[in-house]
Amino acid sequence: MSGNSHESPIRTPKQLVTVLVLAFVVPIILIVLLSQLATSGRIFDKDSPAMSPEEVAKRIKPVADAAVGATGPGGKTLRTGEQIYQAVCTACHSTGVAKAPKFGDKRDWGPRIRGGQKALVQVALKGKGAMPPRGGASDLTNFEVERAVVYMANASGAQFKEPAVAAPTAQAASASAPKSTSAPAVADGKKVYESTCINCHGTGVANAPKFGDKKAWAMHLMHGTDHLYENALKGLGAMPPRGGNLTLSDADVKAAVDYMVRAAK
């Protein structure tokens, strides 16, 4: 009786062959069925409500918003704090010239950060010391200036919040309406100097020839105006290309050079 309880259920060669065939065939059938289910569209049904254009748009919206960025009046794309720093603020803040707090220097930025975000933004908007209003880039919006302040301050230990984008007003909408075409504006060298070049040339910091100083400008004038244009456009020594304001056109830069040259003759 005990001997019979341990006997194998497979007693004949035919039964053995059947078991072996089933061991190979059954897994193959299961794999085929699963693959058909996956490719039949039942798992990712295009007719499913989750795959509707509206639902797909909702899921990708955060990514799209981050890629496009904020827009201001007239659909103008507002630059990030880092972009503004690289285009405008780096001329002084990257090296700390003219007593500008050096980027990333917690010791320089500490007292300013303790004054608070609003106070620091107001200084950037109105200007202080050698720094002109809006860092010399008068085309920057208040929003962009605050973004640049937040970027620089946070790189030096602050925890300032990104400013919220203001909704466009009716006045802004009317200002952005198409205007009649007119002749292109002539570059104003004095305006460019006062908004950008004065940062260094106004006081002569970082070996910049001081505005109106004939002796300081004499050695530069020896090489000719074209040489001065090239230095101003491409940068030289502590002076970055276009004086650190990459929004300036070639004509703007040359007009500023001409203005400073006339004052030194």
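Quick notes on the rules
- Residues numbered from 1 in each chain as written.
- Predicted model: local features only at pLDDT ≥ 70, side-chain atom pairs only at ≥ 80, totals over all residues.
- Heavy atoms only, no water.
- Helix = DSSP H or I, 4+ residues; strand = E, 2+ residues; numbered from the N terminus.
- Buried < 20%, exposed > 50% of the residue type's maximum accessible area, 1.4 Å probe, protein only.
- Areas by Shrake-Rupley, 256 points an atom, 1.4 Å probe, with all protein chains shown as cover.
- Contact = heavy atoms within 4.5 Å.
- Core = buried A, V, L, I, M, F, W, Y, C linked by side-chain atoms within 4.5 Å.
- Arc of directions from axis to C-beta.
- Polar contact = N/O pair within 3.5 Å; in protein donor to acceptor, adjacent residues only side chain to side chain.
- Patch = residues over 30% accessible without salt bridge, like charges linked within 9 Å, V, L, I, M, F, W, Y side chains within 5 Å.
- Salt bridge = Lys/Arg side-chain N within 4 Å of Asp/Glu carboxyl O.
- Expected span 1.5 Å × (residues − 1).
- Bend = angle between axes of the 7 residues up to and from the residue.
- Axes fitted to C-alpha atoms, helices over the stretch in contact; angles between N-to-C directions.
- Parallel < 35°, antiparallel > 145°, perpendicular 65-115°, else oblique.
- Left-handed = near helix turned anticlockwise from the far one by under 90°.
- Nonpolar A, V, L, I, M, F, W, Y, C, P; charged D, E, K, R; others polar.
- pLDDT = per-residue confidence, 0-100.

Asks: Please clarify how the overall build of the protein chain should be interpreted in this entry.
Replies: Within the protein chain, the secondary structure is distributed over eleven helices and zero strands. Of all 265 residues assigned to the protein chain, the portion counted as buried reaches 28%. Just so you have it, the protein chain exposes about 17800 Å², and 61% of that area is on carbon and sulfur atoms.

Asks: So what exactly am I meant to see when it comes to the side chain of H201 here?
Replies: By the element assignment, H201 lies in helix α8 (residues 189-201). Judged by relative accessible area, H201 falls into the buried class, the value being 10%. With near-sequence residues (within four places) excluded, H201 lies in contact with Y193, A208, P209, K210, F211, W217, M239 and M260.

Asks: What is the right way to look at the nonpolar core in this model?
Replies: In summary, soluble globular proteins display a tendency toward joint burial of nonpolar side chains. In terms of nonpolar packing, the biggest core is built from 21 residues, with C89, A153 and F160 touching the most fellow members. Elements supplying a minimum of two residues to this core: α3 (81-93), α4 (106-114), α5 (117-126) and α6 (142-154). Here A153 is in contact with W109, I113, L120, A158 and F160, once residues within four sequence places are set aside. In terms of nonpolar packing, the next biggest core, distinct from the first, is built from 16 residues, Y229, A232, L248 and V257 among them.

Asks: I tried to follow α4 on my own but got confused; where do I start?
Replies: Within the sequence span of α4, burial applies to W109, G110 and I113. With its buried residues spanning 125° around the axis, α4 presents them on a single face. Residues of α4 that are buried make contact with α3, α5 and α6. The distance from a side-chain oxygen at the start of α4 to the backbone nitrogen of R107 is 3.0 Å, and the residue carrying that oxygen is D105. The first or second residue beyond α4 is G116, which carries a positive phi of 100°.

Asks: Looking at this structure, I do not really get a nonpolar patch on the surface. What am I missing?
Replies: A contiguous nonpolar patch, built from V17, V21, L22, F24, V25, V26, I29, L30 and L33 and spanning about 820 Å² of accessible area, is present on the exposed surface. Relative to the assigned elements, I29 resides in helix α1 (residues 13-39).

Asks: Which parts of the structure should I look at to understand α3?
Replies: Each α-helix winds once per 3.6 residues, and so residues spaced three or four apart point in a common direction. Helix length check: α3, at 13 residues, gives a terminal C-alpha distance of 14 Å against a target of 18 Å (1.5 Å per residue), a shortfall beyond 12%. Where α3 bends most, at A87, the angle is about 55°. With ten of 13 residues buried, α3 lies mostly within the body of the structure. The set of residues buried in α3 consists of G81, I84, Y85, A87, V88, C89, T90, A91, C92 and H93. Residues of α3 that are buried make contact with α4, α6 and α8.

Asks: Teacher, can you tell me more about the pattern of salt bridges here?
Replies: Side chains carrying opposite charge are able to pair once their charged atoms draw close together. Counted according to the given criterion, the structure contains five salt bridges. Among the ionic pairs, E144 bridges to R79, the shortest N-O distance being 3.7 Å. Of this pair, E144 sits in helix α6 while R79 is found in the loop between α2 (53-68) and α3, placing the two residues 65 residues apart along the sequence. A relative accessible area of 0% places E144 in the buried class. A salt bridge links D250 to R242, with the nearest nitrogen and oxygen atoms 2.8 Å apart. A relative accessible area of 21% places R242 in the partly exposed class. Counted as one network, the salt bridges with shared partners bring together R79, D139 and E144.

Asks: Would you explain the packing of helix α10 (residues 225-234) against helix α11 (residues 250-263) in this entry?
Replies: In helix packing, the relevant descriptors are the interaxial angle and the interaxial distance, both defined with respect to the helix axes. Packing of α10 against α11 leaves a shortest axis separation of 10 Å and a crossing angle of 125°. With respect to each other, α10 and α11 are oriented oblique. Seen along the crossing, α10 lies across α11 with a hand that is right-handed. Judged by residue contacts, T225, L228, Y229, A232 and L233 of α10 engage D250, V253, K254, V257, D258 and V261 from α11. The residue makeup of the contact of α10 with α11, split by class, is seven nonpolar, one polar and three charged.

Asks: I keep staring at the confidence of the model for the protein chain and nothing clicks. Help me out?
Replies: With 74% of its residues at a pLDDT of at least 70, the protein chain reaches an overall mean of 78. The low-confidence segment residues 60-68 (pLDDT under 50) makes one contact with residues lying over four places distant or belonging to another chain.

Asks: Help me understand unusual backbone geometry, please; the structure alone is not making it clear to me.
Replies: Glycine aside, residues mostly have negative phi, and peptide bonds are mostly found in the trans state. Its identity as a non-glycine residue notwithstanding, R134 has a phi of 60°, on the positive side. Inspection of the secondary structure assignment puts R134 in the loop between α5 and α6. With a relative accessible area of 23%, R134 lands in the partly exposed category. With a phi close to 55°, R242 is a non-glycine residue in the positive phi region. Here R242 lies in the loop between α10 and α11.

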